[in-house]
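Tertiary structure, described
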Amino acid sequence: MTTATGIQSGVWLLVAIPALSAAVLLLAGKRADKWGPWLGGLITVPLFGYALALFFSVKGQHDREIDKHLFSWIPVAGFHVDAGMLLDPLSIIFILLITGVGGLIHIYAIGYLSHDEGARRFFGYFNLFVAAMLLLVLADSYLLLYVGWEGVGLTSYLLISYYYNRNSAATAGNKAFFANRVGDVGLSLAIMIMFAYFGRTDYAHLLFGNVQYTKGVAAAIGLMLLLGACGKSGQFPLQTWLPDAMEGPTPVSALIHAATMVTAGVYLIARSAAIFEASQATRTVVTIIGAITLLYGCIAGCGQDDLKRVLANSTVSQIGYMFLAVGLGKGVFAIGLIHLLGHGFFKAALFLSAGSVMHAMNDRIDMRRFGGLWRVMPITFAVFGCGYLAIIGFPFATGFWTKDKIIEAAFDKGGTSGYVLGICALLGAGITAFYMTRALVMTFLGEKRWEDDVHPHEAPRIMTWPMLALGALSLVGGWLLIAGGNVQKWLEPSVGPSIEVGAHTINKWVLVAITLVVVAMGVAGGWVAFGTRPVPVTPPMGVSPVTTLSRRNLFADAFNEAVLMRPGQWLTRALVFFDNRGVDGVVNGAAAGFGGGSARLRRMQNGFVRSYALSMLAGTIAVVAVLLAVRFQ
Amino acid sequence: MSALVSVAAAAPVPTITTPSVAYLALLPIFIVLGAALVGVLVEAVVPRTERFAVQVGVTLTALVAAAISTGALHNKTLTTPSPRGSDPFFRGSLAVDKAGLFIQGTILVLAVMAALLLAERSVDVGSPIVASSATVVGSPEDKRLAASGRVQTEVFPLMLFAVAGMLIFPISNNLLLMFVALEVLSLPLYLMAGMSRRRRLLSQEAAVKYFLLGAFASAFFLYGIALLYGYANSVDLHDIFIAANTSTKSDVLLYVGLALLLVGLLFKAGIAPFHSWTPDVYQGSPTPVTAFMAACTKVAAFGAILRVLYVGFSSTSHDWRPIVWAAAIASMVVGAIFGLTQTDIKRILAYSSIAHAGFILVGFLASTADGTPNKDGIQSVLFYLLTYGFTTLAAFGLLMVVRDADGEATHLSQWSGLARKSPVVAAVMTVLLLSMAGIPLTSGFIGKFIVFKAAWHSAGPLVVIALVTSAVAAFFYLRIVVMMYFAEPPEHGPTIAIPGWSTTIALTFGTVVTIALGVFPQPIVDLAGKAAHLTT
């Protein structure tokens, strides 16, 4: 680990600049309404330039772990909490993703929100998000990471509830906030365990030092970190907030709830590779959660009529793939991260084209009211098509390179567990192809089913250019990332070398063929079900139990309501009752005791100088008496 | 200064030699005293219309110059403790050491802020200081003066004299000199307490109370010195230290003397059970004067306690520790409990300062395993004093801008809903109160953390009590915050006056320091660590 030199020493600017811009936008008030969105949107361009410069500067160095110590927060003998930033291959790919894809989405948002009166507020929050997210990935200790972690949670809440006068948006914001609180408790517990056992939380000591973790400590920290990761990344069992989070403006869905923030959980696990490496049990839990979630997301995605909810469920599912990958062990971390990057490209492309559709359809998002849009919105259709090909893993598009690698790694784990995980992943790929085909067909192909007052049109150029860029990246990005194993090699210092785990259970080419067949079956199923016959404009009733299951999100919300919310309410009521009668008795008693004592004692402070003098005299006698008593005891 | 020479002359030396003096090291004191004398001359010769500007200029220039010269001194090797005969500071009467300089620097910077508050002229007709203190309250002359906007400027030289006393007080190695410094700092404060422009009777009552009780405490202090002289045959802290270790006399005199000395010092620092003057005096005094007393006097008094206990009585620490324990507990408990039922913000802050004094005393009890006081304790006390001073000064200063027809609106109910009228005032007050409650990212948290950390090993139970009382005290700080943000504003509520440049500077500086020391405390913590050294 070396210290930062040259342009690297300004790395804190990456956090400071968007934070400053957010402060300007939020504090300047109406004055900034005109130029505010432009400032907020374009501030990301120099940030991306700086991130690129940092990348090349680090690339040119032999030791690629660079620490920038900022200041000591609590420097007391034996107890140090410092604030610093770590530039290493892992954090660099994240800052490139956040400023790069984030920059494109910011520019898109300038167009998307051009008619919105609150655009300045939106960009204030958006820039604040970028600052918090960059702090999250650049922090060099878990404590500072936690600051960024809470920051992105806050901005996510603010942006989901951006249309705060809509009841659904306000509720969705609260839901996201509560689910995240559960996860955040996990992360904060993990940090407390670190303090308790090691007295510090910096990566240099915990991850890159030679700390010998006992299994118990590693499992405790790992599981708590995992709880935090599940909350932030919308993983089972804390996944239900993510589809609801689509109530926010579409750029928010694209940036925060697809490309960056929800991948923070994957980052956390990849960053903590050393801790997860020490506990096999925890890694198994990670893979199981990944497998459950990827299937859950796929199945829930099949029954939605809201285009953005389909994409949200697919995000849940794709992050499930990433969890599966990082849970498989050290050799597969890099694959999971590459899928994360690729997913950042194609999911952003999909969301931005969905936003473009919404923009054209008077903010309506029901796919049953779309259809035949490819004629009027060719660019949007093309971009969505690129994203579609990428996510289903069409040969040579991004998903083909990145997702299929995860399926391969799951099979290669070996044993029964390898087969179970592999088949889950394979099945997921098939269902993904099915529901994405359904979405594509219902939105862009077939008859037009618009209402009469809708006049769809292509979006302005400030929106289409970023979309096209992301569409192109969805097609070729995967190949760029995987070609020559460059990214894997680049990530080696952070997450270890990419090695093939175990022997190939199934021949690589056979597996590719099987995957393609499964995907083709999914596509065909989707086409047969939705492309060959007219789509009803209202959801049909009396459907199969599977469809109902899917429409109701596998009853996850109902489950939460019945198992957590209702008993929670009863528990709360019971606790309130108990609290009023029992605890309050004690607490209020204590408070009343203090208060009453205070009121009674107050009489001593009666304003008469003679009483004060008397109390001083009494005090003096006491002091003399105690000193003599101590001396002559 | 002639008093000092005669003290030196009283020492049993065959021939009287003129003591050598390192004038440079005492420059801050000379600057402040000189400026005070210039201030008196200004009163005599400068026409009334221009006096205010001139006095403010003289005061600020002197205090800033003194602060700078203190800063310039801090890197020099100053003290040459031996041989004592050739000691450059009035034969060892003064000890300009690192800790002394840190405390002097703190006092001077805080005094600059207090002077800026005193120079406020925008929020009220004239200034917060009464035009003529000698006029009978309520007489026609008094009413005419109150409406006229005439200002009184004697308060500036008075303040400079008090500051000079405060600068000498914590560096005195000689108890008689310390007593003189105590009086030099106290007498102007008694006067200043009675100079409020509004609520003059309350202010005069405060002044009389402060004077009577202060005289009472001084008498104890002086009697303590007499007893110690009887024991050690000297009033020099160093000689008392040696005598305590070597003397074969009965040490009743030593302990009774120490006890009475402590009473005088604890009184000045506003520590229970010698705190009873604090709420009444803080409430009655003009607010800038209250801010000055709460910040600077407390720092000076703690500096003196540090010196007396660590230089004169470090070998008897086993014997005085129980007293300090008891006083710390009493102060924290009294401050927290009494604060709960107060309805006047000025009184709440007064009780808060009593509780803080208790927290600072906890830092005194940090010691090594064998009971000798250690460096961490001194460091924590120095740092806490600094953070406390800035936060308290700004908090009192802020009270000046919330006003109604009768002057400052300090009743709690008048502050309800303040955030809607003035988000800035409410936000600043919130930051300051959170700092007093010890919430992270404010200086108060770091200060408390360092004190508790230092004292944990040698005074664990005390730290537990301190944590409990700070939780109780948090209630009344947060109650103000809740009132400001979540209560409906009263119908005929107070108005927010726009403060003048000087108050604005002082308040901004205090708030910025409060936040900055919460986020980047390192340089100042290191500075306090380096300063944690007393010449014995």
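Being a predicted model, the structure only gives us computed values, none of them experimental.

**Section: the overall build of chain B**
- Each helix and strand in chain B was counted, giving 21 helices and 3 strands.
- The C-alpha radius of gyration computed for chain B amounts to 23 Å, which stays within 12% of the reference 24 Å derived for 536 residues, consistent with globular compactness.
- The principal-axis extent of the C-alpha atoms belonging to chain B is close to 75 × 55 × 40 Å.
- The buried share of chain B, reckoned over its 536 residues, is 60%.
- Sequence separation of at least 24 residues holds for 80% of the intrachain contacts in chain B that already meet a minimum separation of 6.

**Focus on the overall build of chain A**
- Across its full length, chain A holds 25 helices and 3 strands.
- The C-alpha atoms of chain A give 28 Å as radius of gyration, which agrees with the globular expectation for 633 residues (26 Å, within 12%).
- Counting only C-alpha atoms, chain A reaches 100 × 60 × 50 Å along its principal axes.
- A burial count over chain A gives 53% of its 633 residues as buried.

**Digging into the sheet that holds strand β2 (residues 407-408) of chain B**
All names here are of chain B.
- Taken in spatial order, the 3 strands make up an open sheet running β2-β1-β3, and their pairing is antiparallel. Across the chains shown, the open sheet's two edge strands, defined by having one partner strand only, are β2 and β3 (495-496).
- Note that strand β1 (residues 402-404) and β2 share 2 bridges and pair antiparallel. Across the sheet, Arg 403 pairs through a bridge with Glu 408, a residue of β2.

**What about the confidence of the model for chain B?**
Residues and elements named next belong to chain B.
- The pLDDT averaged across chain B works out to 88; a share of 92% of its residues lies at or above 70.
- In the model of chain B, helix α1 (residues 2-10) stands out as the element of lowest mean pLDDT, 52, in contrast to helix α6 (residues 155-168), which has the highest, 95.
- Segment residues 79-86: pLDDT under 50, and 9 contacts once partners within four positions in sequence are set aside and those in other chains are kept.

**Looking at helix α12 (residues 264-271) of chain A**
- Judged by how many residues are buried, α12(A) sits mostly within the fold: 8 of 8 residues are covered.
- Along α12(A), the positions that sit buried rather than exposed are Ala264(A), Gly265(A), Val266(A), Tyr267(A), Leu268(A), Ile269(A), Ala270(A) and Arg271(A).

**Topic: the environment of Leu145(B)**
Residues and elements named next belong to chain B.
- Positionally, Leu 145 belongs in helix α5 (residues 140-148).
- A residue is classified by how many C-beta atoms lie within 10 Å of it, and Leu 145, with 18 of them, is partly exposed.
- Put simply, Leu 145 and Gly 126 are 19 residues apart on the chain and 9.8 Å apart in space, counted from C-alpha to C-alpha.
- Beyond its immediate sequence surroundings of up to four residues, Leu 145 is in contact with Ala 131, Ser 132, Thr 135 and Arg 150.

**A word on the interface of chain A and chain B**
- Residue-level contacts link 30 residues of chain A with 36 residues of chain B.
- Residue assignment for the side of chain A that touches chain B shows that the elements contributing at least two residues are β2 (66-76), α24 (556-602) and α25 (609-631) of chain A.
- The biggest single contributor to the side of chain A that touches chain B is α25(A), with 14 residues.

**Things to note about the environment of Thr3(A)**
- Turning to its location among the elements, Thr3(A) is positioned in strand β1 (residues 2-3).
- Measuring from C-alpha to C-alpha, the distance between Thr3(A) and Ala410(A) comes to 38 Å, with 407 residues separating the pair along the chain.

**What to know about the environment of Ile66(A)**
Residues and elements named next belong to chain A.
- Checked against the element boundaries, Ile 66 lands in strand β2.
- According to the C-beta neighbour criterion, Ile 66 is buried, with 24 such atoms within 10 Å.
- Sequence separation between Ile 66 and Asp 306 is 240 residues; the distance between their C-alpha atoms is 45 Å.
- Ignoring any residue separated from it by four or fewer positions in sequence, one finds Ile 66 in contact with Thr 2, Ala 4, Gln 8, Val 58, Leu 87 and Asp 88.

**Examining the packing of helix α4 (residues 98-118) of chain B against α6(B)**
Residues and elements named next belong to chain B.
- Two elements in contact, α4 and α6, have axes whose closest approach is 10 Å; the angle formed by their N-to-C orientations is 165 degrees. Accordingly, the angle class assigned to the pair α4 and α6 is roughly antiparallel. Crossing angle aside, the handedness with which α4 passes α6 is right-handed. Counted together, Gln 104, Ile 107, Ala 111, Ala 115 and Leu 118 of α4 and Val 155, Met 159, Val 163, Met 166 and Leu 167 of α6 form the full contact between these two elements.
- Residue classes in the contact of α4 with α6 are distributed as 9 nonpolar, 1 polar and no charged.

**Quick notes on unusual backbone geometry**
- With omega at 0 degrees, the peptide bond leading from Phe236(A) into Pro237(A) counts as cis.
- Note on placement: Pro237(A) falls in the loop between α9 (215-233) and α10 (241-244).
- That bond from Ala272(B) to Pro273(B) is cis: its omega, 0 degrees, falls within 30 degrees of zero.
- Relative to the helices and strands, Pro273(B) is located in the loop between α10 (252-269) and α11 (277-284).
- Of note in this structure, Phe396(A) is not a glycine but carries a positive phi near 70 degrees.
- Mapped onto the elements, Phe396(A) comes out in the loop between α17 (378-392) and α18 (398-412).
- At Arg199(B), a position not held by glycine, the phi torsion is positive, near 45 degrees.
- Along the chain, Arg199(B) falls in the loop between α7 (175-193) and α8 (200-232).
- Given 17 C-beta atoms within 10 Å, Arg199(B) falls into the partly exposed group.

**Quick word on the nonpolar core**
- Among the nonpolar cores identified, the biggest contains 211 residues, and Val32(B), Ala114(B) and Val163(B) are the most heavily contacted of them.
- Among the elements that make up this core, the one with the highest residue count is helix α12 (residues 287-312) of chain B (18 residues).
- Apart from the residues lying within four places of it in its own chain, the contact partners of Ala114(B) are Pro288(B), Ala291(B), Phe292(B), Ala295(B), Cys296(B) and Leu393(B).
- Among the nonpolar cores identified, the runner-up in size contains 198 residues, and Ile17(A), Ile160(A), Met361(A) and Leu470(A) belong to it.

**Let's talk about the packing of helix α15 (residues 307-327) of chain A against helix α19 (residues 415-444) of chain A**
Residue and element names in this part refer to chain A.
- Close contact between α15 and α19 brings their axes to 11 Å; oriented N to C, the two are set at 160 degrees. It follows that α15 is roughly antiparallel to α19 by the angle criterion. With respect to the hand of their crossing, α15 and α19 are arranged in left-handed fashion. Two secondary-structure elements touch here, α15 through Leu 307, Val 310, Ser 314, Ser 317, Tyr 321 and Leu 324 and α19 through Leu 421, Ala 425, Gly 428, Thr 432, Tyr 435, Ala 439 and Thr 443.

**Topic: helix α6 (residues 142-160) of chain A**
- Under the 1.5 Å per step criterion, the end-to-end length of α6(A) is 26 Å for 19 residues, consistent within 8% with the ideal 27 Å.
- Counting buried positions along α6(A) yields 14 of 19 residues, so the element is predominantly enclosed.

What counts and what doesn't
- Positions within a chain are numbered from 1, following the residues in the order the chain's sequence is written.
- Each chain is given a letter, starting from A, and each ligand a number, starting from 1, according to the order in which they appear as written.
- In keeping with the predicted nature of the model, local features appear solely for residues at pLDDT of at least 70, side-chain atom pairs appear and are counted solely at 80 or more, and the whole-chain, interface and lining totals rest on all residues.
- A run of H or I in DSSP becomes a helix once it reaches four residues, and a run of E becomes a strand once it reaches two; helices and strands are each numbered from the N terminus.
- Note on method: radius of gyration uses C-alpha positions; expected globular size equals 2.2 Å times residues raised to 0.38.
- Field definition: a residue is buried when 20 or more other C-beta atoms are found within 10 Å of its C-beta, exposed when 12 or fewer are, and partly exposed for counts in between, with C-beta atoms placed from the backbone.
- Whether two residues are in contact is decided by their C-beta atoms, placed from the backbone, lying within 7 Å.
- The pairing criterion is simple: DSSP has to find at least two bridges between the two strands.
- pLDDT is a per-residue confidence score from the predictor, ranging from 0 to 100.
- The axes used here are C-alpha line fits, helices contributing only the stretch in contact, and every angle between their N-to-C directions lies in the interval 0 to 180 degrees.
- Oblique is the label for every angle not falling under 35 degrees (roughly parallel), over 145 degrees (roughly antiparallel), or within 65 to 115 degrees (roughly perpendicular).
- The sense of a crossing depends on the near helix, which, turned anticlockwise from the far helix by less than a right angle, makes the crossing left-handed and, turned clockwise, makes it right-handed.
- Throughout this entry, Asp, Glu, Lys and Arg are counted as charged residues, while Ala, Val, Leu, Ile, Met, Phe, Trp, Tyr, Cys and Pro are counted as nonpolar. The remaining residues, Gly among them, count as polar.
- In these notes, a nonpolar core means any group of buried Ala, Val, Leu, Ile, Met, Phe, Trp, Tyr and Cys residues linked to one another through C-beta atoms within 7 Å.
- Every helix has an expected span of 1.5 Å times one less than the residues it contains.

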